[in-house]
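A structural walkthrough
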Amino acid sequence: MAFPRFLAKCEQNGIELLKSQNPRKEEDPSIPIEVEVRHSRLDMAPAVAVAVVLGDIDLLREILIRVHSAADLVRAAATCKPFLLAACNRPLLRRFRRLHPLSCPRVLGCLVVATGRRGGTPPQFLSTSASYAAAAAGHGGDFALSFLPGGGWLGGASWQILDCRHGRILLKNLSSQDLAVADPMARSSVALPPPPAARTVGYAFIADEDDSSVFKVVCVSRDAVSRAFRALVLSSGELTWADVAGLPGQPDLATSRAMQANRSLYWKLEGGQRMVAFSTATMGFSVLELPPSLRQLGFDVVEKGEDDGNVLHLLTMSDFCIELWAGTAGNAGENGTTWRQVDKSVRFHKMVATMVKPELLSQHQLVVAAVAAGVAFVRLKDHLFSIDLQTMKLRMLSKQDCSSALIYPYTVAWPPSFLTPAEQVDVTLSCGVLCVRYFG
């Protein structure tokens, strides 16, 4: 959003907020005279109205929370010191994430990880657009992870990707069993000790909402004797593992890739009838019964930006249509979750028909492989596509065989580093460039 247009938006939103907070006295005679005097600001010239907004940081934050997208918030924060100081606020950024789950964070593409090769080849990065591919290349993205100890895959080491969130990749060295968290853009990594478990079956990387340097790693293991699931958690501040929960009597995980939403992790269980959930808030396991129509379909959990954490949303595809299902915690059913279909898209059959051979459409369906930040990654046999869930635009990413590969969406960490709140921020304008220094 250009700066003049953003100032106009400030003026309009500021006037609307002032109107909502300061009704005229003739509409309510009980309003004190001083409130009526403050209301006279609505009749000020546009430049004065903007000055009023810039002088009230709380009002400015209420305007910033209403911008259209995360990209608009970043542009606004980079225009001047008052906007940046207003945007560098943890409560505002939390509210913005909840209101804009489809753009916080932003998806650059996905990592295609071949299975069954014992870490012999690096992941393939596929961009969802040409501009994002250029952005990844411009930032020096090293997806071969040559900066890892031993040179990563280029140095002959065998690594297994375990998860990928907010621009960072969780990996395991198949020789030493040590773990690492790698950032391909920053070309940096953090070494982690291996979990104290004989058989690990699933991992998840959890990024902190406020500080990109803070994270947790969850490992799910199988007890050798009781066959119960165990959850072990490692925090970036301590780098030690803690055994926090157990769950007996369940089948194996259908896939090692964790799904993540509502401060919980989810894995589909073999057989397709249930999935296991691990809450990162309560540090406990639970089991959810899946609706019959989803048991044989691929799906992923999605964030909807709602405050009600008892509602879980699943996105799947059936007959070339996207379906959104909502599960509400309650007393109905064996597991206390009631499922209903809440949305369904147009069919993508005609769009796909222009991109693939006709026989593929008659023999195969689109299957959801992963969903993140408003982008769904779907497969049609060995073809991989992306669908923008806001515009419903379909794009082919690859014709190579990825039917058995794991798909990890690759997103840019949110908020960007220059919006990360610090104890002290020094902002100066030099030669038309906004310079930001952080202390604390």
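Presented here is an overview of the structure given in this document. Quantities reported herein were computed from a predicted structural model and do not represent experimental measurements.

Cut-offs and rules
Residues numbered from 1 in each chain as written. Predicted model: local features only at pLDDT ≥ 70, side-chain atom pairs only at ≥ 80, totals over all residues. Heavy atoms only, no water. Pairing = 2+ DSSP bridges. Helix = DSSP H or I, 4+ residues; strand = E, 2+ residues; numbered from the N terminus. Axes fitted to C-alpha atoms, helices over the stretch in contact; angles between N-to-C directions. Buried < 20%, exposed > 50% of the residue type's maximum accessible area, 1.4 Å probe, protein only. Arc of directions from axis to C-beta. Core = buried A, V, L, I, M, F, W, Y, C linked by side-chain atoms within 4.5 Å. Contact = heavy atoms within 4.5 Å. Salt bridge = Lys/Arg side-chain N within 4 Å of Asp/Glu carboxyl O. Polar contact = N/O pair within 3.5 Å; in protein donor to acceptor, adjacent residues only side chain to side chain.

1. What to know about the sheet that holds strand β4 (residues 168-173)
Across the sheet, 4 strands lie side by side as β3-β4-β5-β6; this open sheet has antiparallel pairing. Bordering the open sheet on either side are β3 (159-165) and β6 (188-192), each of which pairs with just one other strand. In this sheet, adjacent strand axes meet at a mean angle of 25° when their direction is disregarded.

2. A look at helix α5 (residues 70-77)
For α5, the full list of buried residues reads A70, D72, L73, A76 and A77. All buried residues of α5 project into a common sector of 160° when viewed along the axis, lining one side.

3. A short note on the nonpolar core
Ranked by internal contacts, the top residues of the largest apolar core, which has 22 residues, are L315, V352, L366, L380, F385 and I387. Looking at this core, the elements that each hand over two or more residues are β16 (311-318), β17 (321-329), α10 (358-363), β19 (367-372), β20 (375-380), β21 (383-388) and β22 (394-398). Per-element accounting of this core gives the leading share, 3 residues, to β20. Once you skip the residues sitting within four places of it in the chain, V352 turns out to touch L361, L366, L380, F385 and L394.

4. Considerations on the pattern of salt bridges
Applying the stated criterion across every chain, the model contains 13 salt bridges. Between D252 and R227 there is a salt bridge, with the nearest N and O atoms lying 3.4 Å from each other. Of this pair, D252 sits in the loop between β10 (241-247) and β11 (259-261) while R227 sits in the loop between β8 (215-222) and β9 (229-235), and the two are 25 residues apart along the sequence. Here D300 and R257 are joined by a salt bridge, their closest N and O atoms 3.1 Å apart. Of the two residues, D300 sits in strand β15 (residues 299-302) while R257 sits in the loop between β10 and β11, which places them 43 residues apart along the sequence. One exposure class covers both D300 and R257, and it is buried. A network of salt bridges, in which partner residues are shared, links R199, R222, R227 and D252.

5. Quick notes on the side chain of D382
Structurally, the position occupied by D382 is in the loop between β20 and β21. In terms of polar contacts, D382 uses its side chain to reach the side chain of H383, at 2.8 Å. In this structure, D382 is in contact with S398, K399, Q400, D401, C402 and S403, ignoring residues within four places of it in sequence.

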